[in-house]
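Architecture at a glance
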Amino acid sequence: GSGGCPPVPVVQARCVDVAEEWTGGDDGEVRAEGGPSWGVTADLASGPGWACALTGIGGYFDSYGYPAAGYERVEITYESRTMQWKLYAGPGKIAWARCVK
């Protein structure tokens, strides 16, 4: 933005009907919570046809943190070789996710 202001984040969502919800985690929702100085990775759904998305994030995010070390992020990744979804929360961060088919 102009005047040295940081850009304003934009968030959008869309509701869809699904045929099946993954039953892992607590009522289908998985939580990953990073420790004070370490990140945490949690397994989500695996196998063909699954799609996973973040349902919430928490913690203090600082753009002046240590991005190279993974400190300032939460993310969902997919490993196509193993068909495994994973949820990652960096140190001091919390992430929630759900998977559907």
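Report follows, based on the coordinates. Not measured: the values here are computed from a predicted model.

As a further point, take the pattern of salt bridges. In total, this model carries 6 salt bridges according to the counting rule given. Note that Arg98 is salt-bridged to Glu21, the shortest N-O span being 2.4 Å. In this pair, Arg98 is assigned in strand β6 (residues 93–100) and Glu21 in the segment before β1 (29–33), connecting sequence segments 77 residues apart. A relative accessible area of 29% means that Arg98 is categorised as partly exposed. We classify Glu21 as partly exposed; its relative accessible area is 37%. Here Glu75 makes a salt bridge to Arg73, at a shortest N to O gap of 3.2 Å. Salt bridges linked by common partners bring Glu21, Glu29 and Arg98 together as one network.

Quick look at the nonpolar core now. In terms of nonpolar packing, the biggest core is built from 15 residues, with Trp22, Leu44, Leu87 and Cys99 touching the most fellow members. Taken together, the elements giving at least two residues each to this core come down to β1, β2 (40–46), β5 (84–89) and β6. Not counting chain neighbours up to four residues away, the residues in contact with Cys99 comprise Glu21, Trp22, Leu44, Ala45, Trp50, Ala51 and Cys52.

Cut-offs used in this document
- Residues numbered from 1 in each chain as written.
- Predicted model: local features only at pLDDT ≥ 70, side-chain atom pairs only at ≥ 80, totals over all residues.
- Heavy atoms only, no water.
- Salt bridge = Lys/Arg side-chain N within 4 Å of Asp/Glu carboxyl O.
- Helix = DSSP H or I, 4+ residues; strand = E, 2+ residues; numbered from the N terminus.
- Buried < 20%, exposed > 50% of the residue type's maximum accessible area, 1.4 Å probe, protein only.
- Core = buried A, V, L, I, M, F, W, Y, C linked by side-chain atoms within 4.5 Å.
- Contact = heavy atoms within 4.5 Å.

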